[in-house]
Amino acid sequence: GPDPGPERTAGAPPAASEALMSTTTPNARDEMLTMFRDAWNASAAAAAGTAQPPRVMWDAAEEERGDGPRSDECWAGVSIAHNPPAGGQRTLGETGNRRFARAGILTVQVFSPMSVNNSITVAEDLAVIARDAYEGRSSPSGVWFRNVGIQEVGPMDPWFQLNVTAEFSYDEIK
């Protein structure tokens, strides 16, 4: 891909003198999910008080019947939804040299069992891990995140639910 230019602070928009980075939709999805996975694997077990990080249900993974989350364990669901149409063509040129804008919403749903006394606190701690994976950050190929936040959904028997949402945008070369 193009030279991303000089290094900059993560989360800061590119300076006018820097070359714009670009990626592909599959690579952008992989980078977004990897950012969550790395943060979750590093901190979620401690936040949940468990030996292993709580289970994650990935939007692209099909779960077998009966293989859903247990009602007595924390878990998270991650989904990525591009906005149609997400931007449009930014530059003219030959095939392989045209820049297209892409944007959407990444959502992390965090669930903590209500059967635990501190379920709201545990859900909040897990949601902060998800929020911090994206807030003020960008992916290696230039997926930018903004308006990252936590929203309380509340009791969703048998769990307490919080959602973390992040708007994302990137350019794709086609």
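For the structure itself, consult the block above.
Definitions and cut-offs
- Residues numbered from 1 in each chain as written.
- Predicted model: local features only at pLDDT ≥ 70, side-chain atom pairs only at ≥ 80, totals over all residues.
- Heavy atoms only, no water.
- Helix = DSSP H or I, 4+ residues; strand = E, 2+ residues; numbered from the N terminus.
- Buried < 20%, exposed > 50% of the residue type's maximum accessible area, 1.4 Å probe, protein only.
- Contact = heavy atoms within 4.5 Å.
- Salt bridge = Lys/Arg side-chain N within 4 Å of Asp/Glu carboxyl O.
- Core = buried A, V, L, I, M, F, W, Y, C linked by side-chain atoms within 4.5 Å.
- Expected span 1.5 Å × (residues − 1).
- Arc of directions from axis to C-beta.

Caption draft 1: Structural context of the overall build of the chain. Looking only at helices and strands, one finds two helices and six strands in the chain. Listed by position from the N terminus, the elements making up the chain come as α-β-β-β-β-α-β-β. Considering the chain as a whole, with its 174 residues, one finds that 40% of them fall into the buried category. Across the chain, contacts joining residues at least 24 apart in sequence account for 61% of those joining residues at least 6 apart.

Caption draft 2: Quick peek at the pattern of salt bridges. All chains considered together, the criterion is met by eight salt bridges. Taking the shortest distance from any N to any O, the salt bridge between Asp 72 and Arg 70 comes out at 2.7 Å. Asp 72 gets classed as partly exposed once you look at its relative accessible area, which sits at 43%. Residue Arg 146 pairs with Glu 167 through a salt bridge whose shortest N-O separation is 3.6 Å. Within this pair, whereas Arg 146 is found in strand 5 (residues 144-156), its partner Glu 167 is found in strand 6 (residues 159-173), the two being separated by 21 residues in sequence. By relative accessible area, which is 39% here, Arg 146 ends up partly exposed.

Caption draft 3: Inspection of unusual backbone geometry at higher detail. The omega angle of the peptide bond from Asp 157 to Pro 158 is 10 degrees, so this bond is cis rather than trans. Residue placement: Pro 158 occurs in the loop between strand 5 and strand 6.

Caption draft 4: Quick look at the nonpolar core. Core analysis: the largest hydrophobic core is formed by 35 residues, its most contacted members being Phe 36, Val 108, Leu 126, Tyr 134 and Phe 145. If you list the elements that add at least two residues to this core, you get helix 1 (25-48), strand 2 (75-82), strand 4 (99-113), helix 2 (119-134), strand 5 and strand 6. No other element matches helix 1, which puts ten residues into this core. Excluding anything up to four places from it in sequence, Val 108 contacts Phe 36, Ala 76, Gly 77, Val 78, Ala 130, Leu 162, Asn 163 and Val 164.

Caption draft 5: Representation of helix 2 within the structure. Its 16 residues give helix 2 an end-to-end C-alpha distance of 23 Å, which sits within 8% of 22 Å, the value for a rise of 1.5 Å per residue. When we look at burial in helix 2, the residues that qualify are Ser 119, Val 122, Ala 123, Leu 126, Ala 127, Ile 129, Ala 130, Ala 133 and Tyr 134. Taken around the axis of helix 2, the buried residues stretch over an arc of 150 degrees, which confines them to a single face. One or two residues past the end of helix 2 sits Gly 136, with phi positive at roughly 70 degrees.

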